[in-house]
Amino acid sequence: MKPFTVHRGRVAPLDRVNVDTDQIIPKQFLKRIEKTGFGQFVFNDWRFGADGTRNPDFVLHDPRYEGATVLVARKNFGCGSSREHAVWALADFGFRAVISSSFADIFANNSTKNGFLTVRLTDDEVATVMKRAQDIDEYWLSIDLEKCEVRDDQGFSAKFPVDEFVRHCLLNGLDDIGLTLQYDADIAAYEKEHPLGTASG
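Computed from a predicted model, the values in this text were never measured in an experiment.

**Q** Please set out the side chain of T21 residue by residue, giving values where relevant.
**A** Note on placement: T21 falls in helix α1 (residues 21-24). Here the side chain of T21 touches S81 through a polar contact of 3.0 Å, side chain to side chain.

**Q** Explain unusual backbone geometry to me, using residue names and the numbers behind them.
**A** Phi angles above zero are rare outside glycine, and N18 is one such case at about 55°. Tracing the backbone through its elements, the reader meets N18 in the loop between β1 (6-14) and α1. The exposure class of N18 is partly exposed, given its relative accessible area of 37%. Here C148, not a glycine, exhibits a phi torsion of approximately 55°, which is positive. Looking at where C148 falls in the secondary structure, it is placed in the loop between β5 (140-144) and β6 (149-152).

**Q** Pulling in residues and values, what's your account of the sheet that holds strand β4 (residues 117-120)?
**A** Two orientations exist for strands paired in a sheet by backbone hydrogen bonds: parallel and antiparallel. Read from one edge to the other, the open sheet built from seven strands follows the order β4-β3-β2-β1-β5-β6-β7, with strand pairing classed as mixed. Strand pairing shows two members of the sheet lacking a second neighbour, β4 and β7 (157-159), which therefore form its edges. Within the sheet, the average angular offset between the axes of one strand and its neighbour, ignoring direction, is 25°. Two elements, β6 and β7, share three bridges in a ladder whose sense is antiparallel. Following the sheet pairing, V150 is matched in β7 by A158.

**Q** Requested: an account of the pattern of salt bridges, with residues and values cited.
**A** Inspection of the entire model under this criterion finds 11 salt bridges. For the salt bridge of D152 with R132, the shortest nitrogen-to-oxygen distance reads 2.8 Å. Taken as a pair, D152 in strand β6 and R132 in helix α5 (residues 123-135) lie far apart in primary sequence, 20 residues in all. Through salt bridges with shared partners, one network takes in D62, R64 and D137.

Cut-offs and rules
Residues numbered from 1 in each chain as written. Predicted model: local features only at pLDDT ≥ 70, side-chain atom pairs only at ≥ 80, totals over all residues. Heavy atoms only, no water. Helix = DSSP H or I, 4+ residues; strand = E, 2+ residues; numbered from the N terminus. Polar contact = N/O pair within 3.5 Å; in protein donor to acceptor, adjacent residues only side chain to side chain. Buried < 20%, exposed > 50% of the residue type's maximum accessible area, 1.4 Å probe, protein only. Pairing = 2+ DSSP bridges. Axes fitted to C-alpha atoms, helices over the stretch in contact; angles between N-to-C directions. Salt bridge = Lys/Arg side-chain N within 4 Å of Asp/Glu carboxyl O.

This is the structure in structure tokens:
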């Protein structure tokens, strides 16, 4: 898993509350068995009409936000079903982090397991970032997980809370397998002392 230390990227403003996982990745696209390839379907029902035509009014079709790697949205982002595909889709599309004032717990947990950062700011701080992303061309943010801080080039900065265990995993690029492999030497020593097939008792 790719470590997350400091990321600087263009910001795309999704000015909506209660963005649920079915809106992030609609259920008809959940048939893939790999983690990749979901990005093309992210926010599909907002990006495209029923006939597949592109919705020019959707924010991610605005040329100003092309290549954005930071998404800012209103409260309760990632609510709804527990599908991990929502995180896969956002990451595959190119996002490295989402900023909101609150996240669904399962979405936040799935994000951690995939090296994707959920940044929780206050409603006022989210409103500031949202407005600047809407009003300023080429609006970029730096998200510093080492300092737990978000900052821009116009003087805005804000601290964000993060669980220390989550922070450790993201900074070091550790998913569940990586966490286990930290104890590889201990596991090998145990297996040496307890070889398979040895009768017990």
